[in-house]
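Here is what each chain is made of, one letter per residue.
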Amino acid sequence: MLALHSYFRSSASFRVRIALNLKGLPYDYKGVHLLKDGGMQLKPEYRALNADGVVPTLVVDGRPLIQSMAIIEYLDETHPEPALLPRDPFDRAIVRGLAQEIACEIHPLNNLRVLKYLKHTLKVEDDAKDAWYRHWIEQGFASLEINLSQLGHVGRYAFGDYPTLIDLCLVPQVFNSQRFNIDLTPFPTIARIHANCMELEAFQKAAPGAQPDSE
């Protein structure tokens, strides 16, 4: 039995939803609204599952798993097909590195906790906050575009012709960029990979607008 505690617009939750869909694994969706009533993720009942007060949390037979990248690797190890990481150790390290470039370098600077701190604690104006958001995505995408191309493994997807962990991280980050009207023209490889991914039902069903708690 799998239960995913998720917020429809959470990038990290989006990654895990894609993985579950690609693996064909049914799960119960548990909506955790990050804004209503001060944030459901901060309530004691949720923090009993995830003390960090973040999403996602995947509960497996009553036992919680935290952190999207660890959750996805757990799913890949316990349900090996279709594989989200290459079998070759060097290739696997390349995929992990590019995925972490998104998950560890781009995404953390723009997650909800950071934006709320900028706005409510540091009293940053909305225009400046949005400029912050766009700056870190554009800078991150500029590096990622080069790294994807120079590695020479780009096919229909970020690493060959089957989705990998890179794609699971890339698609939610592109979704974020679109919310802030970031022009993807300077990043043709990223734009093409995203378009190809979004042709797949597993990605479509995982999209924020397809979730039961979507607004």
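Worth saying up front: this structure is predicted, and the values here are computed from it rather than measured. (Residues numbered from 1 in each chain as written. Predicted model: local features only at pLDDT ≥ 70, side-chain atom pairs only at ≥ 80, totals over all residues. Heavy atoms only, no water.)

Looking at this model, I keep getting lost on the packing of helix H4 (residues 89–106) against helix H7 (residues 165–179). Mind explaining?
Packed helices, taken two at a time, are described by their axes: the angle between them and the distance between them. Put simply, H4 and H7 touch, their axes get as near as 8 Å, and they point 25° apart. The angle between H4 and H7 places the two elements in the roughly parallel class. Along this stretch, H4 crosses H7, giving a crossing that reads as left-handed. Together, Val95, Leu98, Ala99, Ile102, Ala103 and Ile106 of H4 and Leu165, Ile166, Cys169, Leu170 and Gln173 of H7 make up the contact between the two elements. Among the residues making up the contact of H4 with H7, the classes are represented as 10 nonpolar, 1 polar and no charged. (Axes fitted to C-alpha atoms, helices over the stretch in contact; angles between N-to-C directions. Helix = DSSP H or I, 4+ residues; strand = E, 2+ residues; numbered from the N terminus. Parallel < 35°, antiparallel > 145°, perpendicular 65-115°, else oblique. Left-handed = near helix turned anticlockwise from the far one by under 90°. Contact = heavy atoms within 4.5 Å. Nonpolar A, V, L, I, M, F, W, Y, C, P; charged D, E, K, R; others polar.)

So what exactly am I meant to see when it comes to the sheet that holds strand S1 (residues 2–6) here?
Sheet strands associate in pairs through backbone hydrogen bonding, adopting either a parallel or an antiparallel arrangement. In space, the 4 strands of this open sheet follow the order S2-S1-S3-S4, with mixed pairing throughout. Every interior strand has two partners, whereas the edge strands, strand S2 (28–31) and strand S4 (63–66), have only one. Direction aside, neighbouring strands of the sheet carry axes that sit 25° apart on average. Sheet analysis places S1 next to S2, joined by 4 bridges and oriented parallel. Counterpart to histidine 5 in the pairing with S2 is lysine 30. On top of the sheet, helix H1 (residues 11–23) reaches S1, S2 and strand S3 (57–60); it is set at about 155° to S1, its chief contact. (Pairing = 2+ DSSP bridges.)

When you look at the UniProt feature "domain: GST C-terminal" (unreviewed entry) in the protein in this model, what are you seeing that I'm missing?
Per the UniProt record, "domain: GST C-terminal" (unreviewed entry) is found at residues 88–215. With 66% helix and 0% strand, residues 88–215 has end C-alpha atoms that lie 42 Å from one another. (UniProt positions renumbered as here; feature names shortened; annotations may be inferred.)

What am I meant to see in the packing of aromatic side chains here?
Any aromatic ring pair is given by two values, namely how distant the centres are and how the planes are angled relative to each other. Per the counting criterion, the structure on display carries 5 aromatic pairs. Ring geometry for phenylalanine 14 versus phenylalanine 175: centroids 6.3 Å apart, planes at 80°, classification edge-to-face. Placement of phenylalanine 14 in helix H1 and of phenylalanine 175 in helix H7 is noted, with a sequence separation of 161 residues between them. The exposure class assigned to phenylalanine 14 is buried, which follows from its relative accessible area of 2%. (Phe/Tyr/Trp six-rings, centres within 6.5 Å; stacked < 30°, edge-to-face > 60°. Buried < 20%, exposed > 50% of the residue type's maximum accessible area, 1.4 Å probe, protein only.)

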